[in-house]
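The lines below spell out each chain.
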Amino acid sequence: MARPKVAFFDFSCCEGCQLQIANFGEPLLDILKLIEVVEFREVMSEKYAGTLDVAIIEGSINTTHAIERIKGIRDRSKVLIAMGSCATIGGVNGIKNAFPLNDIAEYVYGGDSEYFESIQTMSVHQVVKVDYFVHGCPIYPPEFVAVLKAVLMAVPYDVPDYPVCVECKLNGNVCMYDRGVTCLGPVTRAGCNAWCIGNGNICYGCRGMVSNPNEKGSIDVIRRYGLSMEHIINKLEMYNKCRELNPHG
Amino acid sequence: MAYAVLQKGRFDDFIVALAAQRKVMAPVSKGYGHFEFEEVRSATEIALRYIPTILPPKKYFMPQRETILQYTSDSIEAVVDFDPMAIFGVHTCDLAGIQCLNMVFSERPKDYNYLVRKNNIIIIGLECGDYCDQYASCAMMNSEMPNGGYDLFVTEFDEYLLFHVSTQTGEDIVKSTGLFETADASHKSRLAEYRKKKKSIFKKELPIDSKDIALLFDKCFESKVWDELNDRCLACGNCNNVCPTCYCFDVIDEPALDLTSGVRYRRWDSCQLETFARVAGGANFRENRGARQRHRYYRKFSYPVKKFFRYFCTGCGRCSRACMANIRLKDVLMDLIKAHPLDNA
Amino acid sequence: MNRQILKSSHFAVERGTIVRIKTLSPHEKLFEIALPGNARLNHDPGQFVGVSVFGVGEAPISVCSSPTKRDTFDLCIRDVGRVTHAIHALKEGGSLGIRGPFGRGFPVRLLEGNDLVLIAGGLGIVPLRSLVQYVINNRRDFGKVSILLGCRTPDEMLFGDEIEQWNKRIDVHFACTVDRAAPEWHGHVGVITTLIPGEMLVPERTFAVIVGPPVMYKYVIGELLKKQIPDRQIIVSLERHMKCGLGRCGHCQIENLYCCQDGPVFHYDEIKHIKEAI
């Protein structure tokens, strides 16, 4: 059986998620037995213009050129995977949406800003249909493998719709709030096996929010821990600003 | 009643000797006032004074993630993974929790995965002389005193540890290590004194008789207390995951990279999560967070009473400690008591 | 860590072979399954099995053929989730995992000698079909038999050919309704409850069996109670998220009942005080 043709494409991003894949180590060899990588700018110079079985997209969409390009990729791809926070939820690039576009353009390009168009940052599914989501900044490699298997078996992959706390507790971690640190685990969807907390860091909310957070309850909790709303909103907006455009996905 | 004495100076020798026979799990400090059962090799790692661990020792009987089946393109095999081990330092509340789980998994259709592991675990209990903190309600749940469910049970005194030897397995450990002295009348009278003092410390935490809690739950299904929890609960599942008697699970397949072989495992699941009672068509039979909290409480104080004739709350207080939304079991019960006075009260 | 193969485990799965696949609608297919050596599934009408596609998972599916059919059994599966989607991709001759049967089925012994009103709404026809086939195959053991079917539109009606056969029988009273008619539909229009008032039922000897979407039960039971059918003689099959089939994993729990073990079939008197039930 011919291996499915897979290509990686990057839009506005740091390419760190693709680096995660390049850095996979030994499992990568097993993965390459299953797929044929025809384009992957970070690791090979070949390009591929034909029909793709799977397109893997890293990065968010924030220029009209990018909109056209992602539509073109979608048109020639049977399956499209959004990979990494920038692609799945807009990610840190979404912070841009908190400011007037002109101010942002001027801040970045100064006097030359008139030569650069600027549109609001969008996640990939806010522009084209996305079949699979691999959330995270960067992606959690075991989840990428799980999604890839689902793609190859032609079954959906359900992103957990419960908070990171579930996986964090299962790992027996001391709660960050008991250490006196603010953590976004309670409102962020799981699937990363509480990777950051397990390594002593907080959850930054990079996987996006659960679909039905208890807003009233969350506000109570924020108050009880003596935190300011502004502090929490700032933390949430680091990855979740694009949620306002279209919260689903 | 057989008792044996271990001088404190020999405690480390005991743990080392036990660890030479099998894995030894015991409470270990994780900082920030938290503890967790982990594998230890010497007594210095063990926290003899500890508040209930983040996860209960349930995790050794029913691991968070547990393979139940392995398959290839031409074979399907039901499997169990187990490690012979001794769990040292199990508080009486957690002994009660294990007793609850034993009933659940021994009932037909039997759960052989649980039973194989249970048969490979030696349990060494540890007595609490005082409350761990304000969240415990072990006196109300009658779990502050040892009530079976262990091979050995340890009560700590200034200079020695007094072991109650409850089973032949326990006796074999005592004999094989060769570190123990026989207990005499003075040791036993000191234990009696200790227990007497303990009875004066542990008092029913709420103004309700244990046997009346089930009656209270017979009349509070539609209580406003649950509506209030609907506004507060974040549905994070912490209360389930830290509970010594919650046993719900999800079953998940994990194919290997060849896509034709793989394993099926079960993983702890939480009735508080949004998707728990949702069916494939989309209907969610417990959509409301308050109804889910109610379900959790009824699974502790009502439903198991009908089936197993005991409460499935051990009073350990973990759900209260782990709740970010400040939903405290004792407060919820107190609210119910106030809102639904019993006729005879 | 030691791994041991369990000779007896309720998680053990048998490999079933797909003998035949029949497409019933754009969303539903009928799979005829044989166990190794054509072993009998040995189920009661109304019981369910866990159906596995390894690597994807397991889904609870009610057996929709009568145990009187011996060598194979039927599963009618709607493409609605991960596992059922993967099952739909399988071909004749392919295999899937079978675990079970589980649960309490329809109390066929209790129904014998009595009049039956068998009521199905929408996909409820799937579990009910096992009972209808059983009753028809043992027709003289039962009194008067009425089958009342309802669905949203005529093209959503499953098992059309088979239902036509039921309709033609002289020993079965058959009625069918749709919520919304199509031009070629000449039958009854209206929700399923509208079929009940016209039925002549003798309360002492009538058992009613209801299977349908959650919203249907309350109204149909209300109509039957108006006809003086005793609570004990109203039988329902409830849908819940059945996962382990062993009364443990908790997903299917209805207050203190586990739908997968205590049900899915219940007498109304057992659940009328259970607020989470219907």
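Undergrad: What is the right way to look at the overall build of chain A in this model?
TA: When you go through chain A residue by residue, the secondary structure sums to 10 helices and 5 strands. Here the C-alpha atoms of chain A give a radius of gyration of 19 Å, agreeing with the 18 Å that 2.2 N^0.38 yields for 249 residues. Residues classed as buried in chain A amount to 52% of the 249 residues present. Considering only contacts in chain A between residues 6 or more positions apart, those separated by 24 or more positions represent 75%. Summing over all exposed atoms, chain A offers an accessible surface of approximately 11300 Å²; the carbon and sulfur share of this is 54%. Here chain A contributes 23 positively and 28 negatively charged side chains, and the mean placements of these two sets differ by 6 Å.

Undergrad: Would you take a moment to explain the domain arrangement of chain B for this structure?
TA: How large an interface is tends to be reported as the accessible area lost when its parts come together. Residue and element names in this part refer to chain B. When cut into domains, chain B gives domain 1 (2-63 + 82-201) and domain 2 (210-247 + 271-339). Between domain 1 and domain 2, the C-alpha centre-to-centre distance is 28 Å. Both sides together, the interface formed by domain 1 and domain 2 hides about 2400 Å², and carbon and sulfur atoms give 62% of it. Across the contact surface, domain 1 and domain 2 share 2 salt bridges. Across the salt bridge formed by aspartate 133 and arginine 321, the nearest N and O atoms sit 2.6 Å from each other.

Undergrad: Looking at this structure, how should I read the interface of chain B and chain C?
TA: Across the contact, 54 residues belong to chain B and 40 residues belong to chain C. Roughly 4300 Å² of surface becomes buried between chain B and chain C when both sides are summed, with 56% attributable to carbon and sulfur atoms. It is Ile76, Pro109 and Phe285 of chain B that lose the most area in chain B upon contact with chain C, and together they represent 14% of the buried surface on that side. At the boundary of chain B and chain C, one finds 4 salt bridges. Here aspartate 81 of chain B makes a salt bridge to arginine 3 of chain C, at a shortest N to O gap of 2.7 Å. For the pair chain B and chain C, the interface holds 27 residue pairs in polar contact (both at pLDDT 80 or more). Listed by contribution, the elements that provide at least two residues to the side of chain B that touches chain C are strand S4 (65-71), strand S5 (76-82), helix H3 (92-106), helix H4 (112-118), strand S11 (249-255), strand S12 (262-268), helix H10 (289-301) and helix H11 (303-308) of chain B.

Rules used throughout
Along each chain, the written sequence defines residue order, and numbers are assigned to residues from 1. Chains carry letters from A onward and ligands carry numbers from 1 onward, assigned in written order. With the structure being a predicted model, the display of local features is reserved for residues of pLDDT at least 70 and the display and counting of side-chain atom pairs for 80 or more, all residues being used for whole-chain, interface and lining totals. Remark: hydrogens and water are excluded; side-chain values derive from all non-hydrogen atoms of the structure. We count a stretch as a helix when DSSP gives it H or I for four or more residues in a row; a strand needs E for two or more, and each element gets its number in order from the N terminus. With the radius of gyration taken over C-alpha atoms, the globule rule is written as 2.2 Å times the number of residues to the power 0.38. With a 1.4 Å probe rolled over the protein chains alone, any residue whose accessible area is under 20% of its type maximum counts as buried; one over 50% counts as exposed, and the rest are partly exposed. Residue contacts are counted whenever heavy atoms from the two residues lie within 4.5 Å of one another. Areas reported as accessible are Shrake-Rupley estimates using a 1.4 Å probe. Residue values count occlusion only from the protein chains shown. The sign given to each residue is positive for Lys and Arg and negative for Asp and Glu; His and the chain ends receive no count. A single reference atom marks each charge: NZ on Lys, CZ on Arg, CG on Asp, CD on Glu. Where a domain begins and ends is set by an automatic assignment or by a domain database. Each of two parts loses accessible area, computed with a 1.4 Å probe, when they are put together; buried area is these two losses added. Salt bridges are defined by distance alone: a side-chain nitrogen of Lys or Arg within 4 Å of a carboxyl oxygen of Asp or Glu. As used in this structure description, the phrase polar contact means that two N or O atoms lie within 3.5 Å; if the pair is within protein, one of them must be able to donate a hydrogen and the other to accept it, and residues adjacent in sequence are counted only when both atoms belong to side chains.

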